[in-house]
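Structural overview for review
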Amino acid sequence: MSVSTLATAPSVCAPLPVLGRDVTVPLVTGGEVTYAALDYAASAPALQRVWDDVAAYAPYYGSVHRGAGYLSQLSTDLFENARRTVAEFLDCRDGDQVVFTRSTTDSLNLLAAALPAGCQVFVFETEHHAALLPWRDARVTVLDAPRGPRQAVETLERALAERDPHGPALVCVTGASNVTGELWPVRELAAAAHAHGARIVLDAAQLAPHHPVSVEDLDVDWVVFSGHKLYAPFGSGVLAGRADWLREAEPYLAGGGASRKVTRRTDGGVDVSWHDSAARHEAGSPNVIGAYAVASACKALTEAGFDTLVAREQYLVAKVREGLADVPQVRFLSLFGDDAPRVGVLSFVVEGWNSSHFAAALSAEYGIGVRDGLFCAHPLVRTLLGSDPQTQGECGAPEAAPGEKSLNAIRVSFGAGTPDEHVERFVRAVKELVTDGARWNYRTEDGRCVPDRSA
């Protein structure tokens, strides 16, 4: 099906009910409007189904694993069933572990702490900082941004061919870019890694909410993602995959739950025997509600059907691209080309506009929430903007006043809960701002571009 057909076809399915869909926000020009949440790539609104499931469980809240009471046993069953649900959602292999964490960032830092001594890590400069920065105790090779899927595989193969073949190695790669939305050739990259004796971890933070992720089919060693991008509340994440490095590593956190047995020594110290299961890296009282919410979101997306969700999302992507095709001032950012497969994430710049000024006007004058900045992917955004990828900048903060040139971009993102009207309003707003300019004055305050209310 062509992009044009998608853009003009009737909506392929209704959006899934999410929290906040009826929230109204004030406009600086007067009145109120229903908020258009188009920043799903940062945090997607929670599904109503997920919120209802959490609310139904809340009265039965209890500590897990060690409580003898009924509510503790109920919560333990719910927590461990959530682990199994996530394993099924990711199509994990027999023997894989599912560890509940706080986020994608937390998951990758946990894995970084579990790397064997002397491990070499390979990561593209295109990665989110959550995947680019955790490997502080490893030898890290940062690969240049590829300009196509085939080049990505070839770049990795060349780098791996030059490494020490006798030491451990790990490749970290995104499934879908948080800047361009483009899908990466994960299966081919995994094959290249394994052919050279390396392992691979998939950052699925932007992929799992939009596409099915099969650990077995993609043949990745680990996968990580965040609950707050998967239509669950903040504070939960997942690291799933091979157990051996996790089992052999020191616990990520030392404390109750991670320890199987603790005994006093005659010299006054203690001896500890740690769990070999996922509990080894889940010390402390776990976020049971967070794990349950993630599992609920996994079930909801599976039941909705990814074929249907993907079709609707591609329809919305085409709506944006075709709607702005006749606005030459708008330039979309891409590594692999405009026709590359992508999820519902699009970044762009507008000629003659500071990106933060443009995003502020969308919010203040139209009630549309997008993201501006470098999206915690500084090297990638600077490469796409044609500037020095090594230039420093604040994550998400504007670097120039309204009207001045900025080295940042605007990102619009959407997903299963986005109604057509929000996307249509966004397209109209972009066209009006480009044609007529902002209707209000703006200034920089505490690092943000905001409406000037002193006039």
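Not measured: the values here are computed from a predicted model. (Residues numbered from 1 in each chain as written. Predicted model: local features only at pLDDT ≥ 70, side-chain atom pairs only at ≥ 80, totals over all residues. Heavy atoms only, no water.)

1. Notes on the sheet that holds strand β14 (residues 345–350)
- The strand order across the open sheet built from 4 strands is β13-β14-β17-β16, with neighbouring strands paired in antiparallel fashion. With one partner strand each, in any of the chains shown, β13 (330–332) and β16 (371–373) form the two edges of the open sheet. Between one strand and the next, the sheet's axes are offset by a mean angle of 30°, whatever the strand orientation. (Pairing = 2+ DSSP bridges. Helix = DSSP H or I, 4+ residues; strand = E, 2+ residues; numbered from the N terminus. Axes fitted to C-alpha atoms, helices over the stretch in contact; angles between N-to-C directions.)

2. Looking at empty space enclosed by the protein
- Taken as a whole and assessed by the stated rule, the structure comprises 2 cavities of 30 Å³ or more.
- As a volume, the largest cavity reaches approximately 50 Å³.
- Contributing to the lining of the largest cavity are Pro-209, His-210, Tyr-231, Leu-309, Val-310, Arg-312, Glu-313, Gly-415 and Ala-416.
- Its residues placed into classes, the lining of the largest cavity shows 5 nonpolar, 2 polar and 2 charged.
- Quantified by volume, the second largest cavity comes out at close to 30 Å³.
- Residues belonging to the lining of the second largest cavity are distributed by class as follows: 5 nonpolar, 2 polar and 1 charged. (1 Å grid on protein atoms, 1.4 Å probe; cavity = no way out; pocket = protein on both sides within 12 Å on 5 of 7 lines; lining within 4 Å. Points joined across faces, edges and corners; volume = space filled by probe spheres on them. Nonpolar A, V, L, I, M, F, W, Y, C, P; charged D, E, K, R; others polar.)

3. Quick word on the pattern of salt bridges
- Considering all chains together, one arrives at 26 salt bridges under this definition.
- Between Glu-282 and Arg-83 there is a salt bridge whose closest N-O contact spans 2.9 Å. With Glu-282 in the loop between β12 (270–274) and α10 (288–304) and Arg-83 in helix α3 (residues 70–89), the pair connects residues that are 199 residues apart, well separated along the chain. Here Glu-282 and Arg-83 have matching classes, each one buried.
- Here Arg-93 makes a salt bridge to Asp-96, at a shortest N to O gap of 3.0 Å.
- The structure contains a network of salt bridges with shared partners spanning Arg-199, Asp-221, Arg-242 and Asp-244. (Salt bridge = Lys/Arg side-chain N within 4 Å of Asp/Glu carboxyl O. Buried < 20%, exposed > 50% of the residue type's maximum accessible area, 1.4 Å probe, protein only.)

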